[in-house]
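Notes for the structure review
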Amino acid sequence: MAFPDGFLWGAATAAYQIEGSPLADGAGASIWHRFCHTPGLVHGGDTGDVACDHYRRWPEDIALMRRLGLQSYRFSIAWGRVLPQGTGTANSAGLDFYERLVDQLLEAGIAPNATLYHWDLPAALDDRGGWLNRDSADWFAEYADLVFRRLDGRVKMWTTLNEPWVVMDGGYLSGALAPGHRNLFEAPIVAHNLLRAHGKAVQAYRASGAHRIGLVVNLEPKYPASDAPQDRVATRRAHAYMNRHFMDPVFRGRYDAVLVRMFGAAWPAFPASDLDLIRTPIDFLGINYYTRNVVRDDAGRFPLPVERPVQRGATYTETGWEVFPQGLLDTLNWVRTRYGNPPVYITENGAAFDDPPVAQGGAVHDALRTDYLRQHLRVLHRAIAEGCDLRGYYAWSLLDNLEWAHGYSKRFGLVHVDYRNQRRTLKDSGAWYARVIASNGQCLFDEE
Ligand code: GBH
């Protein structure tokens, strides 16, 4: 009942959420630094100024990874540390930080998996239009190339973008995330430029890199609230908007017609050759999976968020997301059948719960999180049996961290962080995950 040999077990983080010291050693500010320092945008006025202080405590964090037995660690590189202005003059001290991290991970026997963009665009580039500027694809490829040249060979698994859908939707449509725009006309332009940036970085990698590069998307399966035709139509629209938006262009070189119709007059014109760039073959797909959506007729009110009727009997996490492991199986089978069974990693999966306080002697009894992880991992075993080419799994997250606009109020970590003193405490879920890794998943099926 164990997982296949070579199945990769890891945990994930992102730069702005854990590092702190965002302006240290010559780094340029990011849009998230600006967003957090604009009053009223982030819960409690929280910022990434200190976060988990990982920028200074990374050796201790690698020790934690060893304790968990992680085989791989997925982290992101802050663009502004490497190129303070986003393009042009490189900041060697920024690259040094990631080089030391990577070398020590390798020393610890942990394979680094580096993401180039997890939402922290250099503010200097935002001043030039950010992702709305067609040049953004070239800026990104320049940055990517610089990082590849310093770290490829030691990093053997690269990701271009983390969740472009969230960058577009949160950053440019709902405005809940940096840079906080709300503009129907901007969203599809941003999506298209993100895809072009991804394609250009993959092409740059083919020219200089020797290992593997992929894209990470957030997928959330959509189910109709009823059999009514209107609910089915709304479900198809929600699916086009979130799930097919980035998958169809990357794997099939075209945009879904339903999506184009939804944006209507806001759909941008672009040269057809863009799609050739976007569909440049990748080596793996990363999927971040948290929940599903049940969709009720939206009466064509796009881009308003779809209605999410509460499911009776279901468990919801602290972020209000339904726990629905079956959706992960459905998602993997959808990717397998629609997109030709690409190699897949689950690059994020996890849950925020209201953890009990740290107990005497240092323990956090977070049974709900263990339950969540166990249910999802069992489903993955099933997906492999059904033929999905699933290569590995990363829990989100190694540490409690800055949950974007929620600030520090939501905790996803396998390790508890006391933000008053930066003390780290392994939660029960972390100790449990260490046993999963040590048994290559076998223990998932020994427990009742
Ligand atoms: C990820 O995004 C991020 O990559 C990571 O940085 C972040 O910390 C982590 O997840 C936890 O949030 O309200 O029911 O309609 C998560 C992507 C997209 C997942 C929107 C939840 C809405 C669910 N999210 N989705 S619902």
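From a predicted model like this one, the values you see are computed outputs, not experimental measurements. (Residues numbered from 1 in each chain as written. Predicted model: local features only at pLDDT ≥ 70, side-chain atom pairs only at ≥ 80, totals over all residues. Heavy atoms only, no water.)

What follows covers the site of the ligand. Taken together, 18 residues sit near the ligand, with Gln17, His118, Glu163, Glu220 and Glu403 positioned nearest. The side chain of Arg308 places a nitrogen or oxygen atom 3.2 Å from an oxygen atom of the ligand. One nitrogen or oxygen atom from the side chain of Glu403 is found 2.5 Å from an oxygen atom belonging to the ligand. Coverage of the ligand by the protein amounts to 89% of the 590 Å² it exposes when considered alone. (Near = heavy atom within 4 Å. Polar contact = N/O pair within 3.5 Å; in protein donor to acceptor, adjacent residues only side chain to side chain. Areas by Shrake-Rupley, 256 points an atom, 1.4 Å probe, with all protein chains shown as cover.)

Looking now at the nonpolar core. One finds Trp32, Trp131, Trp158 and Tyr433 to be the most contacted residues of the largest nonpolar core, which totals 145 residues. For this core, the leading source of residues is helix α9 (residues 186-208), giving 10 residues. Not counting the four nearest positions on each side in its chain, Tyr433 is found in contact with Trp9, Gly10, Leu70, Leu377, Tyr393, Ala395 and Leu414. (Core = buried A, V, L, I, M, F, W, Y, C linked by side-chain atoms within 4.5 Å. Buried < 20%, exposed > 50% of the residue type's maximum accessible area, 1.4 Å probe, protein only. Helix = DSSP H or I, 4+ residues; strand = E, 2+ residues; numbered from the N terminus. Contact = heavy atoms within 4.5 Å.)

Within the closed barrel, the eight strands sit side by side as β1-β2-β3-β4-β5-β7-β9-β10. Their pairing is parallel. Taken pair by pair, the neighbouring strands of this sheet meet at an average axis angle of 25 degrees, ignoring direction. Across five bridges, strand β5 (residues 212-218) lies against strand β7 (residues 284-288) in parallel orientation. Bridge pairing in β7 places Asn218 opposite Asn288. Taken strand by strand, helix α7 (residues 136-151) contacts β3 (111-117), β4 (157-162) and β5, and its axis lies near 160 degrees from that of β3. Here helix α10 (residues 229-252) sits on the sheet and contacts β5 and β7; the angle it forms with β5, its principal contact strand, is near 155 degrees. (Pairing = 2+ DSSP bridges. Axes fitted to C-alpha atoms, helices over the stretch in contact; angles between N-to-C directions.)

It is worth spelling out the pairing of strand β2 (residues 72-76) at this point. Each regular strand shows side chains that alternate between the opposite faces of the sheet. The element β2 is largely enclosed, with a buried count of five among its five residues. Alternating positions in β2 separate into two faces, Ser72, Arg74 and Ser76 on one and Tyr73 and Phe75 on the other, with burial throughout. Summarising the sheet, strand β1 (residues 8-12) and β2 pair through three bridges and their orientation is parallel. Its bridge partner being in β2, Ala11 is matched across the sheet by Tyr73.

The next subject is the pattern of salt bridges. Tallied over the entire structure, the rule returns 32 salt bridges. The residue Arg424 makes a salt bridge to Asp61 at a minimum N-O spacing of 2.9 Å. Of this pair, Arg424 sits in strand β12 (residues 423-426) while Asp61 sits in helix α3 (residues 54-68), and the two are 363 residues apart along the sequence. Between Asp400 and Lys427 there is a salt bridge, with its nearest N and O atoms 2.8 Å apart. You can see Asp400 sitting in the loop between β10 (390-396) and β11 (415-418) and its partner Lys427 sitting in the loop between β12 and α15 (428-438), a full 27 residues away along the chain. As far as burial versus exposure is concerned, Asp400 and Lys427 are alike and both buried. Connected via shared salt-bridge partners are Asp355, Asp366, Arg369, Asp400, Arg411 and Lys427. (Salt bridge = Lys/Arg side-chain N within 4 Å of Asp/Glu carboxyl O.)

Attention now moves to the state of the cysteines. One pass over the structure, following the stated rule, counts zero disulfides. In this structure Cys36 is a free cysteine whose sulfur lies 13 Å from that of Cys52, the closest cysteine sulfur available. (Disulfide = S-S within 2.5 Å.)

The next thing to look at is the UniProt feature "active site" (unreviewed entry) in the chain. Cross-referencing UniProt, the feature "active site" (unreviewed entry) maps to Glu348 in the present numbering. Here Glu348 lies in strand β9 (residues 344-348). (UniProt positions renumbered as here; feature names shortened; annotations may be inferred.)

What follows deals with the packing of aromatic side chains. Summed over the entire model, instances satisfying the criterion amount to 39 aromatic pairs. An angle of 10 degrees between the planes, with centres 6.5 Å apart, marks the rings of Phe75 and Tyr98 as stacked. Separated by 23 residues along the polypeptide, Phe75 in strand β2 and Tyr98 in helix α5 (residues 92-107) bring together distant segments of the chain. Taking the relative accessible area as the measure of exposure, Phe75 reaches 2% and is therefore buried. By the ring-pair criterion, three or more aromatic residues cluster together here, those being Trp165, Tyr241, Tyr255, Phe263, Trp267, Phe270 and Phe302. In this arrangement the basic side chain of Arg81 is found over the ring face of Phe97, its NZ or CZ atom lying 6.0 Å from the centre. Over the aromatic face of Tyr223 sits the side chain of Arg292, whose NZ or CZ is 5.2 Å from the ring centroid. (Phe/Tyr/Trp six-rings, centres within 6.5 Å; stacked < 30°, edge-to-face > 60°. Lys NZ or Arg CZ within 6 Å of the ring centre and 35° of its normal.)

Helix length check: α7, at 16 residues, gives a terminal C-alpha distance of 22 Å against a target of 22 Å (1.5 Å per residue), a fit within 8%. Considered for burial, the residues of α7 that qualify are Ser136, Ala137, Trp139, Phe140, Ala141, Tyr143, Ala144, Val147, Phe148 and Leu151. Downstream of α7 by a residue or two, Gly153 has a phi angle that is positive, lying close to 105 degrees. (Expected span 1.5 Å × (residues − 1).)

Moving on, we get to the side chain of Arg424. Arg424 gets classed as buried once you look at its relative accessible area, which sits at 11%. Only 2.7 Å separates the side chain of Arg424 from the backbone oxygen of Cys52, close enough to count as a polar contact.

Before going further, it helps to spend a moment on the packing of α9 against α10. Closest axis-to-axis distance for the α9/α10 pair is 11 Å, and the angle between their directions is 40 degrees. In terms of orientation, α9 lies oblique with respect to α10. Crossing angle aside, the handedness with which α9 passes α10 is right-handed. In this structure, α9 uses Ala191, Leu195 and His198 to contact α10, whose residues at the interface are His245, Phe246, Pro249 and Val250. Here the contact of α9 with α10 is composed, by residue class, of five nonpolar, two polar and no charged. (Parallel < 35°, antiparallel > 145°, perpendicular 65-115°, else oblique. Left-handed = near helix turned anticlockwise from the far one by under 90°. Nonpolar A, V, L, I, M, F, W, Y, C, P; charged D, E, K, R; others polar.)

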